[in-house]
Amino acid sequence: LPDESLNRSPQRIFNMKSHRIPTALFLSLCLVTVAGRAADEFTIEALDFDTGNVQVSLPGQAYASLHSCIWNAGELPNRAEYEIEFPVTADYTLFALYAAAQSRPVEISLDGEKAHTGFSGVTGDWDTKTARWEKQCTLPITRGLHTLLLECQGPMPHICAWRMNASVPFPEGWQLKQPSLEERARKAQALASRASLEQINLEAVRLAIEDMERNFP
C-alpha cells in the first residue's frame, strides 16, 4: 500500500520538523521506508560533490545557520558535479533544497547533456534557515553510474541538498553510499584552504619580493 508521507511535498515535510535539527538528521528524515524496504528515493547533501569549484559551509558557518550549503568561492561559472550509482532504470524526479535572496538559475546536466534550467526561485535570504525544497525536473535515467552537474554562470544560490525520487521501487536493502561526517569536515577544510590560496595576489607578492631585494640587499 502507498505510504501517505510519499505524497507530501518536501516543503510540508520540512515544516513538520524542528527548526534547529542537524542537517544530516533532517536529510535522513526525507528518506521514507515502506514495508521494511528501502525508500524509492535518495537525498544527497550538496557538499558531497565529486568535483567542483564552490566552497562549503557546515552548519554554524557562513550562511549556514541551519543546513550546510555550497556557494560561490570566486571562480566562475560556479559548478558542482556528482557521480551517482543509480540502483534502477526509472524516471527520477529531482528536488532541491536551497536558499536565495535573488534568482540565480542553475543549469542541470546529466552525463554532459543539458537537461533543465532550475533553481530560479527566491526564498528571501542567502542563509539556509530560509531554504525550501523545490521540484526541478524529471529525468529518465538508466541503472548504473551517471554524472549530474549543477552549473551557474554567476554565483549560484546556496544549495543545501538535492533528492531523486524514482518511478519504480529500489532493490530491497539498497542504501546510498555517503561520506562520513569526518570526511565531510576534511573536505570542507581543504576547500576553504584552496579558496584562501586562490585569493593570494601572486603579482603583488612578486613585486614585494623585488622591493625587498632592492632595499635590503
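Residue indices begin from 1 for each chain and proceed along its sequence in written order. Residues qualify for local features only when their pLDDT is at least 70, as the model is predicted, and side-chain atom pairs are given and counted only at 80 or more; totals for whole chains, interfaces and linings, by contrast, use all residues. Computation of side-chain values covers all heavy atoms of the structure but excludes hydrogens and water.

### Comments concerning the side chain of glutamate 41
In this fold, glutamate 41 is placed in strand E1 (residues 41-45). Two N or O atoms count as a polar contact when they lie within 3.5 Å, although within protein this holds only if one can serve as hydrogen donor and the other as acceptor, and sequence-adjacent residues are included solely when both atoms are side-chain atoms. Side-chain polar atoms of glutamate 41 contact the side chain of asparagine 165, separated by 2.8 Å. The helix and strand labels rest on DSSP assignments: H or I over at least four residues marks a helix, E over at least two residues marks a strand, and numbering proceeds from the N terminus.

### A short note on unusual backbone geometry
Put simply, leucine 76 and proline 77 share a cis peptide bond, and its omega is -5°. In this fold, proline 77 is placed in the loop between strand E4 (69-71) and strand E5 (78-86). A positive phi angle, close to 65°, is found at tyrosine 63, a residue other than glycine. Residue position: tyrosine 63 is located in the loop between strand E3 (55-57) and E4. The classification of residues rests on relative accessible area computed with a 1.4 Å probe and restricted to protein chains. Under 20% of the type maximum is buried, over 50% is exposed, and intermediate values are partly exposed. The class for tyrosine 63 is partly exposed, based on a relative accessible area of 35%. Not every positive phi belongs to a glycine, and phenylalanine 119 is a case in point at roughly 55°. Phenylalanine 119 sits in the buried class, given a relative accessible area of 1%.

### Concerning the pattern of salt bridges
When a carboxyl oxygen of Asp or Glu lies within 4 Å of a side-chain nitrogen of Lys or Arg, that pair is called a salt bridge. Applying the stated rule across the entire model yields three salt bridges. Its salt-bridge partner being arginine 163, residue glutamate 41 comes within 4.0 Å of it at the nearest N-O pair. Of the two residues, glutamate 41 sits in strand E1 while arginine 163 sits in strand E11 (residues 158-166), which places them 122 residues apart along the sequence. Owing to a relative accessible area of 4%, arginine 163 belongs among the buried residues under this scheme. In this structure, a network of salt bridges that share partners links the residues Arg79, Glu81 and Glu151.

### Concerning the confidence of the model for the protein
In low-pLDDT segments, the atomic positions of the prediction should not be examined closely. Summing up the model confidence of the protein, the mean pLDDT is 81 and the portion of residues at 70 or higher is 66%. Under a pLDDT of 50 for its full length, residues 1-21 has, in the predicted model, 27 contacts with residues more than four places off or in other chains. Scored between 0 and 100, pLDDT is the confidence that the predictor attaches to each residue. We call two residues in contact when some of their heavy atoms are within 4.5 Å. Low pLDDT, under 50, characterises residues 29-38; the predicted model gives this stretch 26 contacts beyond four residues in sequence or across chains.

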